Every structure is written in structure tokens, then in C-alpha cells.
Amino acid sequence: MSAEVTADELLPPVLGAWEQKSQLLPLVFGKLQLDRKLTVLEVGSASSSTVEFFSRFNCRLHFADLFYSDILQNPTKFNSQAKLTAAFEKAFDFPLGTKLDLCLFWDLFNYLDAKQMAAFCTAIKPYLHSGTQGHGFGLRNNAASLSNYQYAIKSTDALVVSQRQTKQTTLYPLPQGRLKEQLSCFSIGRGLLLKDGRQEMLLSSPL
């Protein structure tokens, strides 16, 4: 079995990367039916580590690198909610009938303001189903800082973390209570507070 990959460019392994163990990732994979074909969305760069990990499964792997998109890099281009929603819809331009089983959001939600979050939810909802699972990182509170990291999957219980090479874009950190209010397309299940103030989160579709 092997993963079918949709990505503009596959990035090589990053020098200086380190491993971060995860207690919630095993729970995410435990909820998936790994004996059938999976459809996976990764909102970061197409890393060789993530592709190698998913190559052991029968899956379709979509990369939509929102961190380097105009949505975050040039937000003033989108001067209306309609244009913002259209930009997310273009990023999620998956084949007709696509239903996502797993979404790897990393720390994306900390970079979306309220209007961007609403547009994001509108654009991704058509691709969700009642069994869609998600994983991401929030913050304990507004005062917590967020390092400029990028992530990849190493194993079912570990991530590969590295320093992002570009300038960090504007942050809109939300504690879990506020995030629950704005993230209408997912429910936040379990959360785990990490030492650096991040909150690792297990997400599921409320459909």
C-alpha cells in the first residue's frame, strides 16, 4: 500500500528538527478505520517525513500549505468575506465527493482572525463527515507565546518539529473556550496542556 500525494513540492528533511512525543496522536489514529482507504488533509508544507509515514497506509494525502498562502502572508488582498471564503475554497479545491478522514491543522488556528476562521469553516465543511478526526495546537491563554514552528508526522505517537524559516505572521491566539466558539466546523474533544503553554487538541466533526 502507498499514499497518493497531492502537493506542489515535496520538501526534504529539515536540518535541526527534533522529535516531540504526543499522547493524543495515538487516540486520533485509534478512531480511524485504517483497514480502508483514508483521505488526509495536512495544512502545512509537504514534508518527506509525513509522506513517508503515510506511505504505509492506503490513503490519499492532500497538502494545502495555508501558512505560505496569501491568506496569511497578504491578508489585505481579501477585503471582503466573500473573497476570503473564495480563497479558502481554492485552497481546498479537492475532487468532487472528497470526504476527509483526518485533518492535521498543527497551530493554524492561532494565525486566523475571526473573519478568517469563519471563512475557513465555510470552505472545509463540504469535505467533512461524521467520522472526520482532527489534531492541532491551541494556547492555554492569551498571554502564552507561540513559537514559529512547523510540524510533520514521524509516527503514530511522535511529531517532527522544526523552526519555520520565514517570518512569523500575525498571531490571533485564542484560549480553548474562545476557540470552541469560533471553530464551528469542529468540536474540541480532549486537550493536553504542554509545558510551553501550548494546548494539544483532539478534534472531531460535529456532523
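Residues numbered from 1 in each chain as written. Predicted model: local features only at pLDDT ≥ 70, side-chain atom pairs only at ≥ 80, totals over all residues. Heavy atoms only, no water.

(A) Up close: the environment of Pro75. In this structure, Pro75 sits in the loop between helix H3 (70–73) and helix H4 (81–91). On the accessibility criterion, Pro75 (38% relative accessible area) is partly exposed. Separated by 41 residues in sequence, Pro75 and Gln116 have C-alpha atoms that sit 9.3 Å apart. With near-sequence residues (within four places) excluded, Pro75 lies in contact with Asp70 and Gln116. (Helix = DSSP H or I, 4+ residues; strand = E, 2+ residues; numbered from the N terminus. Buried < 20%, exposed > 50% of the residue type's maximum accessible area, 1.4 Å probe, protein only. Contact = heavy atoms within 4.5 Å.)

(B) Structural context of the packing of aromatic side chains. Under the counting rule described, the total for this entry stands at 18 aromatic pairs. With a centroid separation of 5.5 Å and an interplanar angle of 65°, the aromatic rings of Phe53 and Phe57 are classed as edge-to-face. Overall, Phe53 belongs to the buried group, its relative accessible area being 1%. Judged by relative accessible area, Phe57 falls into the buried class, the value being 11%. Pairing Phe105 with Phe186 gives two aromatic rings, centres 5.2 Å apart and planes at 80°, and the pair type is edge-to-face. (Phe/Tyr/Trp six-rings, centres within 6.5 Å; stacked < 30°, edge-to-face > 60°.)

(C) Inspection of helix H5 (residues 114–124) at higher detail. Where H5 is concerned, the buried positions are Gln116, Met117, Ala119, Phe120, Cys121, Ala123 and Ile124. On its buried face, H5 is in contact with strand E3 (38–42), H3, H4, strand E5 (102–106) and helix H6 (176–182).

(D) Summary view of the sheet that holds strand E8 (residues 158–163). Reading across from one edge, E2-E8-E7 is the order of the three strands in this open sheet, with antiparallel pairing throughout. In this open sheet, the two strands that pair with only one neighbour each are strand E2 (18–21) and strand E7 (149–155). Taken over all neighbouring pairs, the strand axes of this sheet differ in orientation by 35° on average, direction set aside. When E2 meets E8, the two strands line up antiparallel, connected through four bridges. When the bridges of E8 are listed, Lys21 appears paired with Ala158. (Pairing = 2+ DSSP bridges. Axes fitted to C-alpha atoms, helices over the stretch in contact; angles between N-to-C directions.)

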